[in-house]
Amino acid sequence: MEAAEAEVRLLLQEARESIEAARSYRRELQQRLRGLHQAREQIKESATLTRDVLEQHFSDLKGTLKKLLDERLMSLLQEVDVIEQESIKPLDECQKLIEHGVSTADDLLREGESAVDGDMGQQNEKLCNFTKKALHIQLDSLPEVPSLVDVPCLSAQLDDCLLTILKNQIFRHGTVASRPPVQLEEFVEKPGGILVRWCKVDEDFIAQDYRLQYRKSTASHFEDVYVGSDTEFLVLHIDPNVDYQFRVCARGDGRQEWSPWSVPQSGHTTLVPHEWTAGLEGYSLSSRRNIALRNDSQSCGVLYSKAPTYFCGQTLTFRQTVGQPDRRDSLGVCVEQRNGDDSLQRDKAVCISTNGAVFVNGKEMTNQLPAVTSGSTVTFDMEVVQLGPCSNEGGNFKLRVTISSNNREVVFDWVLDQCCGSLYFGCSFSYPGWKVLVF
């Protein structure tokens, strides 16, 4: 009896496992069906968009070509009109001269015939007058009429090879690509930003520049955010927990036109942006409070972050414009805000001075980094290594810290007497002119 019950339980267990496997299998198949549906929709939507682009482009091209041909025809017709008018004008003048001579000859003929056939009493006087008039008119002088070979004979010279050239150019104009040569590869969340990476998927394509665009999911138009040769870019001023769409294209080496756009992909960040604390005398902040400027005030102190927004496992980056350095200057992170200090070179803080010296809990390390330069970046990376039990009351706690500056880095362990899930960041400068962007 017990053996039978055990066999039933085993069969039930196997049946349940089979049912769960079938459910998992069904979920995977359904997920693949959704993937197939998305792929089919992408093909159809991109094909429809490509048709619209082609039809609009060639419609615009036909309109432009017709306009250019009409303008050229009008120019040639005007040229014909000018040549015709300029060539006929001297002929018209010659015609008027000849017609005037014919009229004069008619009058002279009538007068001569009247003198010859007139009354004998007046014939002598009429004949004398006629003879004098005939001599005055110079009947042996005739206007010159140009021969046909000396006057213009207009014709149109039309080169039939234009059609061949246009035909060859048109047949080579435009291409249809089934895949863009570059695609988005990765989105990395940053405080108030997204690090976007992309890569080439066409090895034969030699890229000279890349062009990254983005838009909020609710916006209708993309806007440029980066153009350059890098294959990654940190997009700042990103609202947390809001979806953004990104796309990238490339320009081939020596080419002017851009490649087709990559498949748009969505990215977002859940990390609130880093902000400096407003209101500290000696520092002016940007509107987004991610840039701090040391002003001309004589007041001296440490400018802290608004909140402990730096978490271990992230990268904290400072980018600065330099002013006059001082050995007490500092850039770094700390466990807590503390009023009254003029530098982060103190306990419960790690920092780098503008001359490259590294301080841990107020003590200078033997390892040193290059001096901070204008436009360079200083980065802090930390990971947790716990030494002892961590409770609400505290305990030994070790953070492995990596500080990088100007392509060099130092790595050390920072021992604390309390657990720190998040840290403040801060800076201090003795002289004006320093400007620090944090992200």
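Residues numbered from 1 in each chain as written. Predicted model: local features only at pLDDT ≥ 70, side-chain atom pairs only at ≥ 80, totals over all residues. Heavy atoms only, no water.

Asker: Quick one: what's the story with the sheet that holds strand β17 (residues 377–385), residue by residue and with numbers?
Answerer: Taken together, 7 strands build an open sheet; the order of strands is β8-β9-β21-β12-β17-β18-β19 and the sheet is antiparallel. Two strands in the sheet have a free side with no partner beyond their single neighbour: β8 (283–285) and β19 (408–416). Each neighbouring strand pair of the sheet contributes to a mean axis angle of 20°, computed without reference to strand direction. (Pairing = 2+ DSSP bridges. Helix = DSSP H or I, 4+ residues; strand = E, 2+ residues; numbered from the N terminus. Axes fitted to C-alpha atoms, helices over the stretch in contact; angles between N-to-C directions.)

Asker: Tell me about the sheet that holds strand β1 (residues 182–190), and name the residues and values.
Answerer: Reading across from one edge, β1-β2-β5 is the order of the 3 strands in this open sheet, with antiparallel pairing throughout. Strands at the two margins of the open sheet, each flanked by one partner only, are β1 and β5 (232–236). Averaged over all adjacent pairs, the angle separating strand axes in this sheet is 25°, with direction ignored. Where strand β2 (residues 193–200) and β5 come together, 5 bridges link them in antiparallel fashion. Paired with G193 across the bridge in β5 is L236.

Asker: Please give an account of the confidence of the model for the chain that cites residues and values.
Answerer: A low pLDDT means the predicted coordinates there should not be read in detail. Residues of the chain with pLDDT of at least 70 account for 95%, and the chain-wide mean is 88. Scored below 50 in pLDDT, residues 390–394 makes 5 contacts in the model with residues more than four places away or belonging to other chains. (pLDDT = per-residue confidence, 0-100. Contact = heavy atoms within 4.5 Å.)

Asker: How would you sum up a nonpolar patch on the surface? Please name residues and give values.
Answerer: A cluster of nonpolar side chains, L162, L163, L166, I170 and F171, forms an exposed patch at the surface whose accessible area comes to about 530 Å². Tracing the sequence through the fold places F171 in helix α3 (residues 161–172). Judged by its relative accessible area of 64%, F171 falls in the exposed class. (Patch = residues over 30% accessible without salt bridge, like charges linked within 9 Å, V, L, I, M, F, W, Y side chains within 5 Å. Areas by Shrake-Rupley, 256 points an atom, 1.4 Å probe, with all protein chains shown as cover. Salt bridge = Lys/Arg side-chain N within 4 Å of Asp/Glu carboxyl O. Buried < 20%, exposed > 50% of the residue type's maximum accessible area, 1.4 Å probe, protein only.)

Asker: Quick one: what's the story with the environment of V385, residue by residue and with numbers?
Answerer: Within the fold, V385 resides in strand β17. Taking relative accessible area as the criterion, V385 reaches 25% and is therefore assigned partly exposed. V385 sits 15 residues away from R400 along the chain, and the two C-alpha atoms are 6.8 Å apart. The contacts of V385, once residues within four sequence positions are left out, are F397, K398, L399 and R400.

Asker: Lay out the domain arrangement of the chain in plain terms, naming residues and giving numbers.
Answerer: Domain annotation for the chain reports domain 1 (13–172), domain 2 (182–267) and domain 3 (283–438). Relative to domain 3, the C-alpha centre of domain 2 lies at a distance of 31 Å. Listed by partner, the interface residues are 4 residues for domain 2 and 5 residues for domain 3. Both faces considered, domain 2 and domain 3 share a buried interface measuring about 350 Å² in area, 52% of it formed by carbon and sulfur atoms. The three residues of domain 2 that bury the most area against domain 3 are K190, P191 and H237, which together make up 79% of that side's buried surface. Inspection of the domain 2/domain 3 interface yields 0 salt bridges. Among the residues forming the side of domain 2 that touches domain 3, the class breakdown is 2 nonpolar, 1 polar and 1 charged. (Domains from an automatic or database assignment. Buried area = accessible area lost by both parts, 1.4 Å probe. Nonpolar A, V, L, I, M, F, W, Y, C, P; charged D, E, K, R; others polar.)

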